[in-house]
Amino acid sequence: MDGIVVFGAGGRAGRAVTAEALGRGYEVTAVVRDPARYADLGAAGVSVVRGDVTDAGSVREVAGGAVGAVHAVSPFSGPEQGFDSLDPGFFVKAADALLEGLASAGVRRLVAVGLFANLLGADGRPVMDAPSAFPPEIRPFALAHTAGLRRLREAGEGAVDWVMLTPGGGLEQDAPRTGHHRLGDERVPEGAPGLSYADLAVAVLDEIETPTLHRTRVSVFVPRDVRRT
Ligand SMILES: NC(=O)c1ccc[n+]([C@@H]2O[C@H](COP(=O)([O-])OP(=O)(O)OC[C@H]3O[C@@H](n4cnc5c(N)ncnc54)[C@H](OP(=O)(O)O)[C@@H]3O)[C@@H](O)[C@H]2O)c1
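Since the model is a prediction, treat every value here as computed from it, not as a measurement. (Residues numbered from 1 in each chain as written. Predicted model: local features only at pLDDT ≥ 70, side-chain atom pairs only at ≥ 80, totals over all residues. Heavy atoms only, no water.)

## Topic: the packing of aromatic side chains
Applying the stated rule across the entire model yields 2 aromatic pairs. With a centroid separation of 5.2 Å and 85° between ring planes, the pair formed by Phe 90 and Phe 91 is classed as edge-to-face. In this pair, the class of Phe 90 matches that of Phe 91, namely buried. Chaining the aromatic ring pairs together yields one cluster made of Phe 90, Phe 91 and Phe 141. (Phe/Tyr/Trp six-rings, centres within 6.5 Å; stacked < 30°, edge-to-face > 60°. Buried < 20%, exposed > 50% of the residue type's maximum accessible area, 1.4 Å probe, protein only.)

## Quick look at the pattern of salt bridges
Between side chains of opposite charge, pairing is possible as soon as their charged atoms come close. According to the stated counting rule, one finds 16 salt bridges in the structure shown. Of the charged contacts in the structure, one is a salt bridge between Lys 93 and Asp 87, with a shortest N-O distance of 2.5 Å. A salt bridge links Arg 109 to Asp 161; its shortest N-O distance comes to 3.2 Å. With a gap of 52 residues between them, Arg 109 in strand 5 (residues 109-113) and Asp 161 in strand 6 (residues 161-167) connect regions that are remote in the sequence. (Salt bridge = Lys/Arg side-chain N within 4 Å of Asp/Glu carboxyl O. Helix = DSSP H or I, 4+ residues; strand = E, 2+ residues; numbered from the N terminus.)

## Observations regarding the side chain of His 181
By the element assignment, His 181 lies in the loop between strand 7 (171-172) and strand 8 (182-183). Judged by relative accessible area, which is 16%, His 181 ranks as buried. Sequence-distant contacts of His 181, that is, excluding residues within four places in its chain, are made with Asp 199, Val 202, Ala 203, Asp 206, Val 220, Phe 221 and Val 222. (Contact = heavy atoms within 4.5 Å.)

## Focus: empty space enclosed by the protein
Inspection of every chain in the model, using the stated rule, returns 1 cavity of 30 Å³ or more. Of the pockets and cavities examined, the largest cavity occupies roughly 70 Å³. Counting only elements with at least two residues in the lining of the largest cavity, the list comes to helix 3 (90-105), strand 5 and helix 4 (139-154). Ranked by residues supplied to the lining of the largest cavity, first place goes to helix 4 with 4 residues. Tallied by class, residues from the lining of the largest cavity come to 7 nonpolar, 3 polar and no charged. (1 Å grid on protein atoms, 1.4 Å probe; cavity = no way out; pocket = protein on both sides within 12 Å on 5 of 7 lines; lining within 4 Å. Points joined across faces, edges and corners; volume = space filled by probe spheres on them. Nonpolar A, V, L, I, M, F, W, Y, C, P; charged D, E, K, R; others polar.)

## Here we look at the packing of helix 2 (residues 56-63) against helix 3
It is at 7 Å that the axes of helix 2 and helix 3 come closest, and there the two elements cross at 40°. In this view, helix 2 runs oblique relative to helix 3, as classed from their interaxial angle. In this structure, helix 2 crosses over helix 3, and the sense of that crossing is right-handed. Packed against helix 2, whose contacting residues are Ala 56, Val 59, Arg 60 and Ala 63, the element helix 3 presents Ala 97, Leu 98, Glu 100, Gly 101, Leu 102, Ser 104 and Ala 105 at the interface. Looking at the contact of helix 2 with helix 3 residue by residue, the classes come out as 7 nonpolar, 2 polar and 2 charged. (Axes fitted to C-alpha atoms, helices over the stretch in contact; angles between N-to-C directions. Parallel < 35°, antiparallel > 145°, perpendicular 65-115°, else oblique. Left-handed = near helix turned anticlockwise from the far one by under 90°.)

## Points about the pairing of strand 2 (residues 27-32)
Here strand 1 (residues 3-7) runs beside strand 2; their pairing, made up of 5 bridges, is parallel. Bridge assignment links Val 5 to a residue of strand 2, and that residue is Thr 29. On the question of chirality, the crossover connecting strand 1 to the parallel strand 2 by way of helix 1 (residues 12-23) is right-handed. Relative to strand 3 (residues 46-50), strand 2 runs parallel, the two sharing 5 bridges. Its bridge partner being in strand 3, Ala 30 is matched across the sheet by Val 48. (Pairing = 2+ DSSP bridges. Right-handed = clockwise from strand over helix to strand, strands pointing away.)

## A short note on helix 3
Taking 1.5 Å per residue, 16 residues should reach 22 Å; helix 3 reaches 22 Å between its end C-alpha atoms and fits that length. Buried residues of helix 3: Phe 90, Phe 91, Val 92, Ala 94, Ala 95, Ala 97, Leu 98, Leu 99, Gly 101, Leu 102 and Ala 105, and no others. Along its buried surface, helix 3 packs onto strand 1, helix 2, strand 4 (68-71), strand 5, helix 4 and strand 6. Just past helix 3, the residue Gly 106 takes up positive phi, approximately 80°. (Expected span 1.5 Å × (residues − 1).)

## What to know about the nonpolar core
Formed by 39 residues in total, the largest nonpolar core has its most connected members in Val 5, Phe 7 and Leu 102. The set of elements that each furnish at least two residues to this core consists of strand 1, helix 2, helix 3, strand 5, helix 4 and strand 6. No other element matches the 9 residues that helix 3 contributes to this core. In this structure, Tyr 38, Leu 200, Ala 203 and Val 218 belong to the second largest nonpolar core, which totals 32 residues. (Core = buried A, V, L, I, M, F, W, Y, C linked by side-chain atoms within 4.5 Å.)

## Some points on unusual backbone geometry
At Ala 192, a residue that is not glycine, the phi angle is positive and equals roughly 45°. The class for Ala 192 is partly exposed, based on a relative accessible area of 28%.

This is how it looks when you write it as structure tokens:
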């Protein structure tokens, strides 16, 4: 059975990706920092392992044999957490470690989850540059995320074929799986439609199974008319 390795498997996106992958018949290596905290992740077909997405050796160790990898790690889970402990270089370190570690493990496909804040608005500037549209207090996190995307792009034509899927609006934890996502481009989709974590997971697995985009970042969303039905 083919395997998928999910970094950040204990988080909201990681759990949705794990569930989608299991539903498609994959074995999942669920990478978390402390397996003891994630006993609930254990299920038939899921191996919960300790790993560090910012360490190339750790990435290589946990990823071997997988047909694809998912980067759903976030060092920031909500405004209540504050930014005192945020490492502005976190996503750059993760990009470096994933590209190096996956390449040496022979894993060729990486799908990363992006952040709405660095999609481009109607004026061509990143959403996070418009204080009226984006909370300035979250800007440090948005800048860190953006630096990680830049790092992936700087890697050029390496061994790992990556794509970053960025929610075109909000991500809704308890919203249903519609199975009708669309992929856009670098811009905020019209009306900034969001999507459920479950539909994000569908998009992630689709891009692992049948890669359509290479070394680029696009929006992912479910059109509002579809979400209402
Ligand atoms: N609208 C949007 O654009 C939008 C909305 C939400 C999320 N996102 C993005 O989606 C991705 C996933 O977000 P999420 O909502 O699923 O986040 P989440 O629920 O907070 O989960 C993040 C996971 O990352 C892990 N993690 C944190 N620091 C880590 C570290 N140093 N090394 C390894 N793992 C670490 C945490 O697990 P442990 O603490 O156990 O290690 C946690 O389970 C992120 O890139 C986030 O920015 C985008």
